[in-house]
Amino acid sequence: MALLVQKYGGTSVGTIERIHRVAERVAQSHRAGDQVVVVLSAMSGETDRLIKLAHEASATPDDREMDMLLSTGERVTVALLAMDLRSRGLNARSYTGRQVGIITNSVHTKARIARVSADRLREALAKGIIPVVAGFQGINEQSDVTTLGRGGSDLSAVALAAALKADRCVIFTDVDGVYTSDPNVVPAARRIDKISYEEMLEMASLGAKVLQARSVEFAAKFNVPVEVNSSFKEGKGTLVTREDADMEAVAVAGVTGDRNQAKITMVGVPDKPGIAAKIFGPVAQANINVDMIIQNVSQDALTDLSFTVPRADLRAATPLLQAVANDVGARSVAITEAIAKVSLIGVGMRSHSGVAAKMFEVLSREGVNIMMISTSEIKISCVIAEKYLELAMRSLHTAFGLDRVVQGEQSAK
Ligand code: ASP
Ligand code: MG
């Protein structure tokens, strides 16, 4: 008998018909003798609908009230599923985040979990109850409702699995796992059987949206095995777990693309101590996340400094950057929006050499110019012109032997 936390996402509980199907799955696990704790999202589109309503009620909705509002979406689905399960003769009960003891800090709309007591869940399980818990929500020390940031019901599920020392946390969603690349861009992408927390984190933050990044951090910290699987069909999913020898054997586990960055170049900046601090200090103060930074060799004591920022922050950043440029005596500021970042990810990079060289060679063969490069232990990223992103992703996917082998064809390795 295993203890499983099963989380179902918004599309899996989007209609009553789908809630029936979730009930069927839960009942099946229960019949198989497993103890199941269910965590649910709101119906798909519901959280967006509530946010829209909030902005109609007020131009600047209050954070605390926003959480009071947003937490209602998950209350609806847990009650409906519990009703369904009960009408099947199963002893199911719904619970809010507060009732299961998810205590967070007070940063409304993106609260961090401080602790999870889960006593009520343990008692329920001991009585043979199937708990159905509202994801995405908790309470702060003052008992005010908080929410955990978009996609936060993944985090609720992982946190409860950690607190209960569950055997596995299964995230049921509309895809059957984590893929080597975005299948919409790279048709030859294939499902990965097993991926390390670290790789998953890089994939999540670089644009693979299967799991909320913070839920992966949490799972890594408490060593919770997380399985991503489809709620619509039976079959294998992807296990996110600790790094092992199999994972190290492959140099590259995945290829990601990110169109959310823009490139800023400060042209003709004096090359002297203190300039970088003068540029990036105000940028950081404005809460703009700088990703890559490159400084050229200087000529006549002048240099060019390029960096990337989220495209969404560009409008807010532009006047600020202009002011900073004037302040440091830069000749001009150039902004390029049509860039993209292509990245290779793999824990195997630690032990395989030549991954970067091969990446550059593949891009050059396709005639793709590299504007910026950044590397970490398990990742290499290149900034290129946005129009080449799909071509770059596909070529790299093939070159690193990631393409799915179609029956009757030979691997192109
Ligand atoms: N309903 C919340 C959202 O849409 C939380 C979740 O679905 O994970 O972000
Ligand atoms: Mg989600």
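Residues numbered from 1 in each chain as written. Chains lettered and ligands numbered in written order. Predicted model: local features only at pLDDT ≥ 70, side-chain atom pairs only at ≥ 80, totals over all residues. Heavy atoms only, no water.

1. Things to note about the environment of V13
Moving on, step 1. Take V13: it is sitting in the loop between β1 (3-8) and α1 (16-31).
Moving on, step 2. Once the C-alpha coordinates of V13 and A23 are considered, the two residues, 10 residues apart in sequence, prove to be 9.9 Å apart.
Moving on, step 3. Non-local contacts of V13, meaning those with residues more than four positions away in its chain, are made with Y8, R18, I19, V22, L40, S41, A42, M43 and T77. (Helix = DSSP H or I, 4+ residues; strand = E, 2+ residues; numbered from the N terminus. Contact = heavy atoms within 4.5 Å.)

2. Overview of the site of ligand 1
Moving on, step 1. Residues in contact with ligand 1, as listed here, are S41, T47, E74, F136, R150, G151, G152 and S153.
Moving on, step 2. Between an oxygen atom of ligand 1 and a main-chain N or O atom of G151, the distance comes to 2.8 Å.
Moving on, step 3. In the environment of ligand 1, an oxygen atom lies 3.4 Å from a nitrogen or oxygen atom belonging to the backbone of G152.
Moving on, step 4. Here ligand 1, which alone exposes 270 Å², has 86% of that area covered by the protein. (Near = heavy atom within 4 Å. Polar contact = N/O pair within 3.5 Å; in protein donor to acceptor, adjacent residues only side chain to side chain. Areas by Shrake-Rupley, 256 points an atom, 1.4 Å probe, with all protein chains shown as cover.)

3. With respect to the UniProt feature "domain: ACT" (unreviewed entry) in the chain
Moving on, step 1. Those residues carrying the UniProt feature "domain: ACT" (unreviewed entry) are residues 264-338 and 344-413 in this numbering.
Moving on, step 2. Across residues 264-338, the secondary structure splits into 35% helix and 32% strand, with the terminal C-alpha atoms separated by 11 Å. (UniProt positions renumbered as here; feature names shortened; annotations may be inferred.)

4. Regarding unusual backbone geometry
Moving on, step 1. The phi dihedral of T109 falls on the positive side, at around 70 degrees, and the residue is not glycine.
Moving on, step 2. Structurally, T109 is set in the loop between β4 (102-104) and β5 (113-116).
Moving on, step 3. Even without being a glycine, D300 presents a positive backbone phi close to 50 degrees.
Moving on, step 4. For D300, the position within the fold is in the loop between β15 (293-295) and β16 (302-310).

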